[in-house]
Amino acid sequence: MPSHLYADRPAQSPEPGTLDALISLARRLRGDVAAVRRDSTADGDDARGRWQRALCDLAVHHLDDLGEQLGQLKEGPPPSPEPAGLPAADPETTPEERRGRVGTAEWNLLTDEVTWSGELFEIFGRPPAAGPLPLDELGSTLFCEDRPLLTAMVTDCLVDGKPIDGEFRIVRADGRVRTLHMRGEPVLDSDGCTATMWAVLRDVSELRRSRRAVRESHDSLRRRQEVARTEHRLAVELQEAVLPPWRGSLRFPREHPSCLDVAAHYLPATTRALMGGDWYDALELPDGRSLLTVGDLTGHGVSATSGMAMVLGALRGMAMAGIEPGPLMGWLNQLLENSVRPALGSAVCCRYEPARRVLSWAQAGHPAPLLFRHGRGRALRPPEGVLLGATPGAVYGQAEERLEPGDVLVLHTDGLTPRGAEFAGGGPDAAERLLALAPGFSAAPSAGECVRLVTREFGGGEREDDACVLVARIGG
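Residues numbered from 1 in each chain as written. Predicted model: local features only at pLDDT ≥ 70, side-chain atom pairs only at ≥ 80, totals over all residues. Heavy atoms only, no water.

Bringing the environment of R211 into the picture now. Position of R211 among the secondary structure elements: in helix α7 (residues 205-242). Taking the C-alpha atoms as reference, R211 lies 9.6 Å from D65; in sequence the two are 146 residues apart. (Helix = DSSP H or I, 4+ residues; strand = E, 2+ residues; numbered from the N terminus.)

Here helix α8 (residues 302-320) crosses helix α9 (residues 325-338) at 145°, and the two axes come no closer than 10 Å. Judged by the twist between their axes, the crossing of α8 over α9 is right-handed. Judged by residue contacts, M310, V311, A314, L315, M318 and A319 of α8 engage L328, W331, L332, L335 and L336 from α9. Classifying every residue of the contact of α8 with α9 by side-chain character gives eleven nonpolar, no polar and no charged. (Axes fitted to C-alpha atoms, helices over the stretch in contact; angles between N-to-C directions. Left-handed = near helix turned anticlockwise from the far one by under 90°. Contact = heavy atoms within 4.5 Å. Nonpolar A, V, L, I, M, F, W, Y, C, P; charged D, E, K, R; others polar.)

A word on the pattern of salt bridges. Inspection of the entire model under this criterion finds 21 salt bridges. A salt bridge links D287 to R289; the shortest N-O distance between them is 2.9 Å. With relative accessibility at 45%, the residue D287 sits in the partly exposed group. On the basis of relative accessible area, R289 is assigned to the buried category, the value being 19%. Between R433 and E457 there is a salt bridge, with the nearest N and O atoms lying 3.1 Å from each other. With R433 in helix α11 (residues 430-435) and E457 in helix α13 (residues 447-458), this residue pair connects regions lying 24 residues apart in the sequence. Using a relative accessible area of 32% as the deciding quantity, one classes E457 as partly exposed. Taken together, the shared-partner salt bridges connect D287, R289, E324 and R351 into one network. (Salt bridge = Lys/Arg side-chain N within 4 Å of Asp/Glu carboxyl O. Buried < 20%, exposed > 50% of the residue type's maximum accessible area, 1.4 Å probe, protein only.)

This next bit is on the sheet that holds strand β9 (residues 290-300). If you walk across this open sheet you meet the five strands as β8-β9-β10-β11-β14, and the pairing is antiparallel. Edge positions in the sheet fall to β8 (276-284) and β14 (399-402), since each of these pairs with one other strand and no more. For this sheet, the mean angle separating the axes of adjacent strands, direction not counted, is 15°. In terms of strand pairing, strand β10 (residues 345-353) meets strand β11 (residues 358-364) through seven bridges, oriented antiparallel. Bridge assignment links C349 to a residue of β11, and that residue is A362. (Pairing = 2+ DSSP bridges.)

Pairing is antiparallel in the open sheet, where five strands are placed in the order β2-β1-β5-β4-β3. Two strands bound the open sheet, and with one partner strand each, they are β2 (114-116) and β3 (164-171). Adjacent strand axes in the sheet meet at a mean angle of 20°, parallel and antiparallel pairs treated alike. Bridge analysis of strand β1 (residues 102-108) against strand β5 (residues 194-203) gives seven bridges, and the strand direction is antiparallel. Looking across to β5, one finds that E106 is bridged to W198. Each of β3, β4 (177-188) and β5 is contacted by helix α6 (residues 147-160), which is oriented at about 145° to β3, the strand it contacts most. Its contacts with the sheet place α7 against β3, β4 and β5, and it is angled at close to 125° to β4.

With respect to the helices and strands, the residue T196 is situated in strand β5. Once residues within four sequence positions are removed from consideration, T196 is found in contact with E106, W107, N108, L109, E185, P186 and V187.

The subject of this paragraph is unusual backbone geometry. One non-glycine residue, R357, lies in positive phi territory at about 50°. With a relative accessible area of 24%, R357 lands in the partly exposed category. The phi dihedral of H374 falls on the positive side, at around 55°, and the residue is not glycine. Tracing the chain through its elements places H374 in the loop between β12 (370-373) and β13 (376-379).

Turning to α13, a few remarks are in order. Between its first and last C-alpha, α13 extends 17 Å over twelve residues, near the 16 Å set by a 1.5 Å rise per residue. Buried within α13 we find A447, G448, C450, V451, L453, V454 and F458. The inward-facing, buried residues of α13 contact β7 (260-267), β15 (408-412), α11, α12 (438-443) and β16 (467-474). (Expected span 1.5 Å × (residues − 1).)

Geometric values such as these leave the question of function open.
In structure tokens:
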């Protein structure tokens, strides 16, 4: 039987940088190999012709695999923030095994003579001195669950004259497991009975490992996407249940001439799917005063949203109980310190007294409220206050500001602009851009119109984080 011919000559490179060119090349090669297969059939039924046909069949099979994989490469995987990597190749495999060896075998059923090529001995890890395995002993090297497949293929070949085409796993003498692809045909005698069975076997272990890794990575990516979609849906539902249900402007106390006209808006991040822990709230308190607050917890997803719900619920309860903004921040700090999932947060809490038009407020590492009056704006001078959850027993100061009819107060979280944008390009930060809207705020007839000015200014650009803005206009 002719020995195996190596064909490791490199193929000419297709047009650089185009998957379409590679796909076209794979299809062209498949057509050329199929033509060679047809020529070998016309050449006769000798041993060399059978050997050539088997190699051509193997080549066509793997070119089909190559075309399918290139097509998947062109389509690309589903989008994911963090693509799953493939496991590294088995460090015990040699470069020859990673390329895939090909060996040949022939079993003569009349003389019991067995012929193996040198490559097949290497594939099985069997020394040539031990001789080739007879057909009835070949199954002893296979996995138990793969032996019925080999038995069926051999039986079909010997009894019905069917060609062999299948894969099975073997355990070499050194204990290493390899996957082999076997193709072969029977050679019939003059009476039509099988006289010889021959086969070409290729070690496809690395090919199957790579295919399995791609499939497992794809499955893992799909599962991660499903988990991310579920978490996002839960976060959205939780946020909608916690944040104030009112839309448009809200006025309170209704009967007071210095009532507040309040409007707010939540701006989701544009560069990520997960939601953050931003909040805003405004409500009328039992003593006739009003609460205004915005804040942000670190993190994203369900954990951040659930933490926000806990903090906002505690804040509302303490405000309703009459606790002033400074001490209230101290209690929120202690709450985050002792929670099951410690977190950091920033917040600003304001209490407005309409009778005196006085704003009492405290902050915890948060941007100060912006006050707009007569077409000009400024940031209020912040009292002492560190991030919530950062310092045990922290004390938070409290400041007061007397307001006038027509004043506009803007509270916001720090996600309105990308982090570091003011340093990377020298552009203004969120507070500076908001202060530049002072003429528009003064001319706006309502808090809702002021919020629309903010969304037009910040709604079109990219934001890495969620953001909230709350506008309160003083009546009089």
